[in-house]
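The residues making up each chain are set out below.
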Amino acid sequence: MTNLHTKMKHKIAQMEILGLAIVVVLMLVAAIFVIRFSVFKEPADYRKGFVSSELASNMINAFLKTTAQDCSQLTMTELLQDCAQAQSIRCRGETPACSYVQAAAGSIFEKTLNKWNMRYEFKAYVDMDRPLIRLGEACRAEKKSRIFPIPISGATMQAKLDICG
Amino acid sequence: MKKSQIQIGETIAVLFVFFILVAVGFIFYAMVIKGNIGSEQDEASQLRAIGIAQRAMFLPELQCSKDVITEETDCIDILKLKTAEVLMKQRQNEIYYYDMFEFSEINITQIYPQITGLDKSQWTIYSRKRQNSPKFITNIPVSLYDSITKTYRFGILSVETFSK
């Protein structure tokens with residue numbers, strides 16, 4: 001009888017220890033979760049939205065307004081208009097307007113967006129499926145997009161810049 | 001050992017474990033609070049950086065204008081820029097511009113066309129740096145207008161803001 005009583009007491013003690021162990025394990029798991037999500041959380045970038053949207057609109061505005069070097073004081077917008085229509089302008093004597101704008105845009109984006117490790121896609125087109133100028137790669141996820149319409153005879157040309165992220 | 005002595009020992013052990021748990025909880029709570037304060041400070045610094053960048057973008061001392069009226073945004077007059085570079089560094093104007101730009105550095109760099117020879121391609125209009133302090137760099141593309149040749153160049157307005 002006494003033996004049975006002692007055995008019962010041991011069993012109850014073992015169950016209490018097991019209960020305590022489970023509580024400790026649960027508390028540890030909760031603590032790990034809290035540490036993971038509150039203490040070591042990634043710092044939020046509040047400037048990201050402002051920077052990408054300002055960057056996309058200012059970049060395309062400033063680029064289209066820029067005067068081409070050694071090309072009869074024409075702006076990039078005027079060169080794009082020629083690229084979409086007559087293709088009669090030759091910069092530095094031989095370079096067609098399309099190639100000139102592509103090279104100038106490439107040089108500017110190389111020194112800015114590429115240098116800052118920002119992915120982008122720049123397109124100038126009348127028909128979206130056949131762009132006259134294309135630089136960078138299409139964004140796969142979130143992007144800030146700016147479209148600048150350029151009037152040409154009988155249609156409208158679009159200059160579009162997407163900044164990824 | 002008497003039964004009462006054992007019970008006192010047990011109570012002391014329980015209290016010891018309890019206080020250790022309280023201490024661990026307090027340290028953990030302090031860490032969380034510290035993290036929250038850090039992220040709030042970071043948010044305030046980032047918002048201040050945006051404010052300073054916007055003030056620099058719309059600075060009348062630099063903006064292109066015609067007959068004293070601001071003609072277009074995102075445009076900097078190179079002639080004004082050369083004057084502002086000197087004006088903004090003058091001792092009597094220091095406090096006025098410090099109220100506006102706090103601890104920051106504002107640079108304007110010409111990107112296209114590429115400068116050759118002795119022409120200047122970078123202007124620092126304001127510089128008040130802070131050592132060993134985290135900084136945010138905001139780059140804004142702008143047009144640089146040359147009112148002599150009546151041409152536009154492509155430039156970058158770079159605002160480096162130092163946290164308090």
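So, how was this worked out
Every chain's residues receive numbers from 1 upward, in the order its sequence appears when written. Note on labels: chains are lettered from A, ligands numbered from 1, in written order. Two thresholds apply to this predicted model, a pLDDT of at least 70 for residue-level local features and 80 or more for giving and counting side-chain atom pairs, whereas whole-chain, interface and lining totals are computed over all residues. Neither water nor hydrogens contribute to the side-chain values; these are computed over all heavy atoms in the structure. An automatic or database domain assignment is the source of the domain bounds shown. Under this scheme, a helix contributes an axis fitted over its contacting stretch, all axes are lines through C-alpha atoms, and angles between N-to-C directions fall in the 0 to 180 degree range. Segments assigned H or I by DSSP are reported as helices when at least four residues long, segments assigned E as strands when at least two residues long, and all are numbered from the N terminus. Here the angle decides the label: under 35 degrees means roughly parallel, over 145 means roughly antiparallel, 65 to 115 means roughly perpendicular, and every other value means oblique. Here is the rule for handedness: rotate from the far helix to the near one, and if that takes an anticlockwise turn smaller than a right angle the crossing is left-handed, while a clockwise turn gives right-handed. Throughout, a residue-residue contact means that at least one pair of heavy atoms, one from each residue, lies within 4.5 Å. Only Asp, Glu, Lys and Arg are considered charged, only Ala, Val, Leu, Ile, Met, Phe, Trp, Tyr, Cys and Pro nonpolar, and every remaining residue, Gly among them, polar. Note that a disulfide, as used here, is simply two cysteine sulfur atoms within 2.5 Å. Burial here depends on accessible area, computed with a 1.4 Å probe over protein chains only, as a share of the maximum for the residue type. Under 20% is buried, over 50% is exposed, and the range in between is partly exposed. Two strands pair under a simple rule: DSSP has to find at least two bridges between them. Between the rings of Phe, Tyr and Trp (Trp by its six-membered ring), a pair exists once the centres lie within 6.5 Å; its type follows the angle of the planes, with under 30 degrees stacked, over 60 edge-to-face, and the other angles tilted.

Now for the domain arrangement of chain A. Annotation of chain A at the domain level lists domain 1 (1-41) and domain 2 (47-164). Between the C-alpha centres of domain 1 of chain A and domain 2 of chain A the distance comes to 65 Å.

Here the focus is the packing of helix H3 (residues 76-84) of chain A against helix H4 (residues 97-111) of chain A. All names here are of chain A. At a minimum axis distance of 8 Å, the contact between H3 and H4 shows a crossing angle of 140 degrees. It follows from the interaxial angle that H3 and H4 lie oblique. In this structure, H3 crosses over H4, and the sense of that crossing is left-handed. For the pair H3 and H4, contact is made by Met 76, Leu 79, Leu 80, Asp 82 and Cys 83 and by Ala 97, Cys 98, Tyr 100, Val 101 and Ala 104, respectively. Residues belonging to the contact of H3 with H4 are distributed by class as follows: 9 nonpolar, no polar and 1 charged.

Turning our attention to the state of the cysteines. All names here are of chain A. One pass over the full model with this rule turns up 4 disulfides over all chains. Between the sulfur atoms of Cys 83 and its disulfide mate Cys 98 the distance is 2.0 Å. Disulfide Cys 83-Cys 98: torsion about the S-S bond near 105 degrees, hence right-handed. A residue pair is termed long-range when its members are at least 10 positions apart, and Cys 83 in helix H3 and Cys 98 in helix H4 qualify at 15 residues. Residue Cys 83 shares its accessibility class with Cys 98, and that shared class is buried. The connectivity of the disulfides in chain A is 1-3, 2-4, 5-6, where the numbers refer to bonded cysteines in sequence order.

All right, on to the sheet that holds strand S3 (residues 120-125) of chain A then. All names here are of chain A. Spatial ordering of the open sheet is given by S4-S3-S6-S5, a layout of 4 strands whose pairing is antiparallel. Across the chains shown, the open sheet's two edge strands, defined by having one partner strand only, are strand S4 (133-136) and strand S5 (143-152). Ignoring strand direction, the axes of neighbouring strands in this sheet form an average angle of 5 degrees. Both S3 and strand S6 (residues 155-164) contribute to a ladder of 6 bridges, which runs antiparallel. Residue pairing in the sheet places Lys 123 in a bridge with Lys 160 of S6. Here helix H2 (residues 48-65) sits on the sheet and contacts S3, S5 and S6; the angle it forms with S5, its principal contact strand, is near 20 degrees.

Attention now moves to the packing of aromatic side chains. Here the structure, examined in full by the defined rule, presents 10 aromatic pairs over all chains. Centre to centre, the rings of Phe63(A) and Phe122(A) are 5.8 Å apart; their planes meet at 80 degrees, and the pair counts as edge-to-face. You can see Phe63(A) sitting in helix H2 and its partner Phe122(A) sitting in strand S3, a full 59 residues away along the chain. Assigned by exposure class, Phe63(A) and Phe122(A) land together as buried. When the ring of Tyr98(B) is compared with that of Phe103(B), the centres are 5.6 Å apart and the planes differ by 80 degrees; the resulting orientation is edge-to-face. For Tyr98(B), a relative accessible area of 25% translates into the label partly exposed.

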